[in-house]
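# Structural features, examined
These are the residues of each chain, in order.
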Amino acid sequence: MIRKFVLGLGACAVAFLAVGCDKATSTANSSTQNASNMEQMAKRGADAAAATGGDIKKNVEEYIPKIEEKIKTLTGDKAKQAGDAFTALKKMFDEFKAAPADKAKELLAPLVAKFTEVKTMVGL
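Every chain begins its residue count from 1, and numbering advances along the sequence as written. Two thresholds apply to this predicted model, a pLDDT of at least 70 for residue-level local features and 80 or more for giving and counting side-chain atom pairs, whereas whole-chain, interface and lining totals are computed over all residues. Hydrogens and water are ignored here; the side-chain numbers use all heavy atoms of the structure.

### What to know about the confidence of the model for the protein chain
This is how it is decided: Scored from 0 to 100, pLDDT records how confident the predictor is in each individual residue. In DSSP terms, a helix is any run of H or I states spanning at least four residues, a strand is any run of E spanning at least two, and both are numbered starting from the N terminus. Contacts were defined at the residue level, with two residues in contact if any of their heavy atoms lie within 4.5 Å.
In this model, the protein chain carries an average pLDDT of 73, and 56% of its residues clear a pLDDT of 70 or more. Across the protein chain, helix α2 (residues 76-98) holds the top mean pLDDT of 89, while helix α1 (residues 2-73) sits lowest at 63. Predicted confidence for residues 45-51 stays below pLDDT 50, and this span has two contacts to residues more than four positions away or in other chains.

Okay, structure coming up:
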């Protein structure tokens, strides 16, 4: 009787181990898939950020002459404020162009904010 009990207990232990190993294998496989999915998402995000950076470069380069012309038409205090803001924008834009990709991501939001501010100041 004790032999049957011990043998049954042993069989249950083996069955639990087998189920646990299958579960561990499936967990490892799903973890690998999740890591792969995260890498793909990161690559897509980097591509999108690069595209946005390229778009802002094109946009700013296109608007620089227009902004300069508008500043020339302004007078007094508005012209000084717009000129100072434009100088700061050009400096930020030069830093953005020269920065490596990871640093450029950090500089993108302030550059867009300054660009929008200057365009509003000069009436574009």
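### Looking at the packing of aromatic side chains
Rule in force here: Ring pairs are drawn from Phe, Tyr and Trp, using the six-membered ring of Trp, whenever the two centres fall within 6.5 Å, and their geometry is named by plane angle: stacked under 30 degrees, edge-to-face over 60, tilted for the rest. Classification of residues uses two cut-offs on accessible area relative to the type maximum, computed with a 1.4 Å probe and protein chains only: under 20% is buried, over 50% is exposed, and between them is partly exposed. A ring is considered to have a charge above it if a Lys NZ or an Arg CZ atom is located within 6 Å of its centre and within 35 degrees of its normal.
One pass over the full model with this rule turns up one aromatic pair. Ring centres of Y63 and F115 lie 5.7 Å apart, and the angle between their planes is 75 degrees; on these two criteria the pair is classed as edge-to-face. In this pair, Y63 sits in helix α1 while F115 sits in helix α3 (residues 101-122), placing the two residues 52 residues apart along the sequence. Neither residue differs from the other here; Y63 and F115 are each classed as buried. Just above the ring of Y63 sits the side chain of K66; from NZ or CZ to the centre is 4.8 Å. Stacked on the ring of Y63, the Lys or Arg K119 has its end atom at 4.5 Å from the ring centre.

### Observations concerning α3
Stated precisely, the cut-off is as follows: The length a helix should cover is 1.5 Å for every residue beyond the first.
With 22 residues, α3 extends 30 Å from end C-alpha to end C-alpha; this agrees with the ideal 32 Å at 1.5 Å per step. Residues of α3 that are buried include every one of A104, L107, L108, L111, K114, F115, V118 and V122, and no others. Where α3 ends, the next residue or the one after it, G123, has phi of about 90 degrees, a positive value.

### Digging into α2
Here α2 spans 34 Å end to end across 23 residues, near enough to the 33 Å set by a 1.5 Å rise per residue. All buried positions along α2 are accounted for by A79, A82, G83, A85, F86, L89, F93 and F96.

### Examining the nonpolar core
This is how it is decided: As used here, the term nonpolar core means buried Ala, Val, Leu, Ile, Met, Phe, Trp, Tyr and Cys residues forming a set that is joined through side-chain atoms within 4.5 Å.
By size, the foremost hydrophobic cluster in this structure holds 20 residues, and its most contacted members are I56, I67, F86, L89, F96 and F115. The set of elements that each furnish at least two residues to this core consists of α1, α2 and α3. When residues in this core are grouped by element, the largest group, seven residues, is from α3.

### Focus on the packing of α2 against α3
Any two packed helices are characterised by the angle at which their axes cross and by the distance between the axes. Going by this rule: Whenever a helix is involved, its axis is fitted only over the stretch in contact; in every case the axis is a line through C-alpha atoms, and angles between N-to-C directions fall within 0 to 180 degrees. Note on terminology: angles under 35 degrees are roughly parallel, angles over 145 are roughly antiparallel, angles of 65 to 115 are roughly perpendicular, and the others are oblique. Two helices crossing with the near one rotated counterclockwise from the far one by less than a right angle form a left-handed crossing, whereas a clockwise rotation gives a right-handed crossing.
Interhelical geometry of α2 versus α3 gives an angle of 155 degrees and a closest axis separation of 9 Å. With respect to α3, the element α2 is oriented roughly antiparallel. In the packing of α2 onto α3, the handedness of the crossing is left-handed. Of the residues in α3, those in contact with Q81, A82, A85, F86, A88, L89, M92, F93, E95 and F96 of α2 are A104, L107, L108, P110, L111, K114, F115, V118, M121 and V122.

### What to know about the environment of I64
Note that I64 resides in helix α1. With a relative accessible area of 19%, I64 lands in the buried category. Separated by 26 residues in the primary sequence, I64 and K90 place their C-alpha atoms 8.4 Å from one another. Setting aside residues no more than four positions away along its own chain, I64 makes contact with F86 and F93.

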